[in-house]
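Residue strings, one per chain:
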Amino acid sequence: MSRNIERERDFDGEDEGPQERRPQGGGGRGGGRGRMRRRKVCRFCVDKVDIIDFKDVKLLQNFIPERGKILPRRISGVCTAHQRMLTEAIKRARNIALLPYTAD
Amino acid sequence: MAEKRVYEVVFIVDPDTQEDEMTKLTQNLSTVITDQGGTVTRNEVLGRRQLAYRIGRKNEGVYVLFEVEGTGSEISELERRMRVNDAIMRYMTVRVDEDRQRAEKLRARRQRKASKRPGFAAAAGGGGSSAPSRGEGGEA
């Protein structure tokens, strides 16, 4: 019994360490439980996407915030290879007015 | 073999052009390609769309997609025609055969990897069939 409690404390201690750091960096979303940082996984890898089509505006729109810029990898969690395809597709879409170069 | 190239040509037609003119225009352009020895494998009107930014005082445009197979010479002729044509507000050609080949290779590799691990595939197939079937759906 007591051992169990101790173990739980240990886990708490481990969890709290990073927890304290995270709010500083990420601004802390939510509260209380579940403040563990989720590892971002490239959604294109999950879906096994090999070609990102520049005509797929609905998809590309997810990666351009209000300003019209391309969302950086560190935020979207897209892997390098797919980010490269994605930027290429977005730039092509911009060229034929499917996406804006700037929005303001 | 190495000469066959596949292109996607997207162009935006002035939204004020009449329906019959539109069809005439697309027909003209596809004959340009066939005259030069290429083939149009896909000819699709993607429809009227709001432009993301204004082009020549227009806020709208009719998008048309061609998929062309050929050597590349017909593309230069096609682009020349489109440049001259006032009804075409913008065009873009993208070579797609290389990307498709690469995608095909990746897919093949993935399949090979999946078959190399029969234990994994069997476990996944027996355990939860939803996961592998979703993967296949993505590939297809």
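Cut-off values and rules
- Residues numbered from 1 in each chain as written.
- Chains lettered and ligands numbered in written order.
- Predicted model: local features only at pLDDT ≥ 70, side-chain atom pairs only at ≥ 80, totals over all residues.
- Heavy atoms only, no water.
- Helix = DSSP H or I, 4+ residues; strand = E, 2+ residues; numbered from the N terminus.
- Buried < 20%, exposed > 50% of the residue type's maximum accessible area, 1.4 Å probe, protein only.
- Contact = heavy atoms within 4.5 Å.
- Areas by Shrake-Rupley, 256 points an atom, 1.4 Å probe, with all protein chains shown as cover.
- Core = buried A, V, L, I, M, F, W, Y, C linked by side-chain atoms within 4.5 Å.

Some details on the overall build of chain A
Secondary structure summary: chain A contains five helices and zero strands in total. Listing every helix and strand of chain A by position from the N terminus yields α-α-α-α-α. The buried share of chain A, reckoned over its 104 residues, is 28%. Counted over contacts in chain A with a minimum sequence separation of 6, partners at least 24 positions apart contribute 55%. As displayed, chain A has an accessible area near 7800 Å², and 46% of this comes from carbon and sulfur atoms.

Remarks on the overall build of chain B
For chain B, the count of helices and strands is five helices and four strands. Secondary structure of chain B in N-to-C order comes out as β-α-β-β-α-β-α-α-α. A burial count over chain B gives 34% of its 140 residues as buried. Partitioning the intrachain contacts of chain B with sequence separation of at least 6 by distance along the chain shows that 74% fall at a separation of at least 24. Carbon and sulfur atoms form 47% of the exposed surface of chain B, whose accessible area is close to 8800 Å².

Topic: the nonpolar core
F44(A), I52(A), L60(A), I96(A), I12(B) and Y63(B) are the most contacted members of the largest nonpolar core, which has 32 residues in total. Broken down by secondary-structure element, the contributors of at least two residues to this core are helix 3 (57-61) and helix 5 (80-95) of chain A together with strand 1 (5-13), strand 2 (39-55), strand 3 (58-70) and strand 4 (88-95) of chain B. With five residues, the top contributor of residues to this core is helix 5 of chain A. Beyond its immediate chain neighbours, meaning those up to four positions away, I96(A) contacts F54(A), V10(B), I12(B), Y53(B), Y63(B), R90(B), Y91(B) and M92(B).

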